Amino acid sequence: MRAEPAEVLITYHFRMPKLVYLDNAATTWPKPRAVTKAMAHFMEKVGANPGRSGHRLSVAAARLLYQARQEIAALLGCDDPLRIVFCANGTAALNIALHGLLRPGDHAVCTSMEHNSVMRPLRALEQQGVLVSIVQCPPSGELPVEAVERSLTPRTRLVVATHASNVVGTLLPLDQLVEVARRHEVLLLVDAAQTTGAIPIDLRRTPVDLLAFTGHKSLFGPPGTGGLIIGPRVPLQEFPPLLQGGTGSLSEAEYQPDFLPDKYESGTPNVAGIAGLAAGAHWVRKHGVEEIRAHEEALTAQLLSGLKELAGVTVYGPDDPSCRLAVVLFNVDGQDPALVAHRLDKEHGIMCRPGLQCAPIAHKTLGTFPKGGVRFSLSAFTTRRDVERALRAVAAIAGPQR
Amino acid sequence: MKATATILLFPSVSHVLRAESLLKAKGVRCTLIPVPRTVGSDCGVCIRVAPKDADMAAAALREGGVTVFGRHEI
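Residues numbered from 1 in each chain as written. Chains lettered and ligands numbered in written order. Predicted model: local features only at pLDDT ≥ 70, side-chain atom pairs only at ≥ 80, totals over all residues. Heavy atoms only, no water.

K.L.:
Account for the nonpolar core, with residues named and values stated.
P.N.:
Residue and element names in this part refer to chain A. Ranked by internal contacts, the top residues of the largest apolar core, which has 62 residues, are Ile72, Leu211, Phe213 and Ile229. With nine residues, the single largest contributor to this core is helix 8 (residues 271–287). If you look at the next biggest cluster of nonpolar residues, it comprises 31 residues, including Met119, Leu187, Leu228 and Ile230. (Core = buried A, V, L, I, M, F, W, Y, C linked by side-chain atoms within 4.5 Å. Buried < 20%, exposed > 50% of the residue type's maximum accessible area, 1.4 Å probe, protein only. Helix = DSSP H or I, 4+ residues; strand = E, 2+ residues; numbered from the N terminus.)

Below you can see the structure in the form of structure tokens.
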């Protein structure tokens with residue numbers, strides 16, 4: 001992944017001139033052209049309900065779903081594509097896991113860097129009698145794994161952790177979490193919404209029990225796609241689905257199928273979206289997660305060092321770009337983040353996300369609550385020139401430089 | 001009457017497609033067909049193989065960890 005081919009692609013993508021999109025942690029844009037084409041192909045040429053009817057178009061639709069499972073399985077080192085359950089987004093995947101696995105009296109552990117897609121289900125479960133411990137991270141956002149281990153009790157059923165903070169990009173140590181969870185025989189749920197497709201993940205090497213991903217971020221699928229990968233240590237008989245309904249399988253039975261993926265995939269799926277997701281995941285595999293990561297890490301280093309040179313700008317999170325995603329949080333001293341973001345957009349054509357990014361607990365950890373911060377988030381399509389423009393814009397807003 | 005085809009039934013269409021990809025990887029010829037009314041009540045699809053290939057197919061699927069719901073000679 002080099003800056004030049006990405007720029008060619010961007011031009012190809014009829015992207016409006018003079019706009020710089022740095023809100024990729026919310027959703028990536030632009031998408032590879034193949035994603036739009038795959039979605040249009042389904043709508044125009046296939047259209048049928050997958051696996052419900054047995055005719056050629058129904059089988060063709062089922063094949064699109066299966067190809068998406070194969071693409072994601074290949075990308076993440078998952079041995080069995082049928083362990084991938086598709087759902088509406090990362091939030092849905094996390095809710096399936098949290099509400100399905102935790103009962104009153106169970107204990108769950110999470111980190112102080114979680115997104116509300118983990119915190120809100122956990123807080124709701126807490127009101128029903130689930131015990132919740134939150135492991136405090138330092139202001140850099142790095143997770144002290146020994147504190148996770150100390151918080152485990154005989155009643156702990158689940159450890160849930162984000163793979164990387166959506167606010168400040170800090171990567172959490174997945175391999176160490178897997179080791180602790182296995183040694184203490186508790187299940188590990190990882191929120192990989194920000195990292196799937198952006199950071200190499202190999203489930204053979206780091207066998208996470210439940211991995212929740214979203215389709216529309218670094219996998220470059222459309223919004224409305226996501227999934228949960230359910231590992232072999234998860235006892236399906238003690239893991240009810242959130243929804244019951246038609247699956248196209250075992251039609252004679254009035255009870256929900258007990259096998260993967262059907263148990264957790266009731267109702268007609270978003271085949272157009274998942275066809276786009278397959279194309280996005282294929283694009284990522286073709287370019288290589290390692291290459292995309294190297295591209296984004298280089299741009300993150302450029303962005304971090306440029307912001308730190310500016311007077312009147314505070315940057316949060318770890319200094320080392322290899323310890324974080326291409327997500328950078330900063331504030332312009334004495335200015336409201338929302339007004340900074342508004343000026344970036346209106347005066348400089350730079351789109352980003354101010355505020356709390358749906359993660360109040362992470363901002364409390366960083367010491368930026370309730371003000372929040374301005375977040376720049378990059379993608380495989382971001383170029384060095386985009387970062388230079390963003391830096392010039394922030395410099396202009398921050399005022400006279402020394 | 002001699003069987004002309006072996007029908008392999010699976011829990012769902014996702015399993016049928018996983019089975020198909022495993023069989024193709026092993027070079028076993030197979031076809032997806034709607035489940036014949038005589039062998040199942042479901043409305044989905046199943047896999048048809050030649051009777052001479054049936055044992056090889058069953059072994060490949062066992063090795064790949066795919067559950068065969070039923071096997072019928074028709």
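Moving on, there is more to tell.
K.L.:
Can you tell me about unusual backbone geometry, naming the residues and giving the values?
P.N.:
Negative phi characterises most residues that are not glycine, and trans characterises most peptide bonds. All names here are of chain A. In the segment running from leucine 260 into proline 261, the intervening peptide bond is cis, with an omega of -5°. With omega at 0°, the peptide bond leading from phenylalanine 369 into proline 370 counts as cis. Despite not being glycine, phenylalanine 220 has its phi angle at roughly 65°, a positive value. Relative to the assigned elements, phenylalanine 220 resides in the loop between strand 7 (210–214) and strand 8 (226–230). We note that glutamine 357 has phi near 50°; this positive angle belongs to a residue other than glycine. Following the sequence through the fold, glutamine 357 ends up in the loop between strand 12 (353–355) and helix 11 (360–366). Relative accessible area serves as the criterion here: at 1%, glutamine 357 is assigned to the buried category.

K.L.:
Account for the interface of chain A and chain B, with residues named and values stated.
P.N.:
In this complex, chain A contributes 23 residues to the contact, which on the side of chain B involves 16 residues. Regarding the contact of chain A and chain B, the summed buried area is about 1500 Å², with carbon and sulfur atoms giving 59% of it. For the chain A face of the interface with chain B, the top three residues by lost area are Arg63, Tyr66 and Leu82 of chain A, together amounting to 30%. The interface formed by chain A and chain B holds two salt bridges in total. The partner of arginine 18 of chain B in a salt bridge is aspartate 80 of chain A, with the nearest N and O atoms 3.1 Å apart. Where chain A touches chain B, the interface holds four residue pairs in polar contact (both at pLDDT 80 or more). Taken together, the residues of the side of chain A that touches chain B sort by class into nine nonpolar, seven polar and seven charged. (Contact = heavy atoms within 4.5 Å. Buried area = accessible area lost by both parts, 1.4 Å probe. Salt bridge = Lys/Arg side-chain N within 4 Å of Asp/Glu carboxyl O. Polar contact = N/O pair within 3.5 Å; in protein donor to acceptor, adjacent residues only side chain to side chain. Nonpolar A, V, L, I, M, F, W, Y, C, P; charged D, E, K, R; others polar.)

K.L.:
Let's hear about the confidence of the model for chain A: which residues, and what values?
P.N.:
All names here are of chain A. The predicted model of chain A has a mean per-residue pLDDT of 94, with 96% of residues at 70 or higher. This model gives residues 1–5 a pLDDT under 50, and the stretch forms nine contacts once residues within four places in sequence are excluded. Here residues 7–16 is a poorly scored stretch, pLDDT under 50, and it has 18 contacts once near neighbours within four places are set aside; other chains count. (pLDDT = per-residue confidence, 0-100.)

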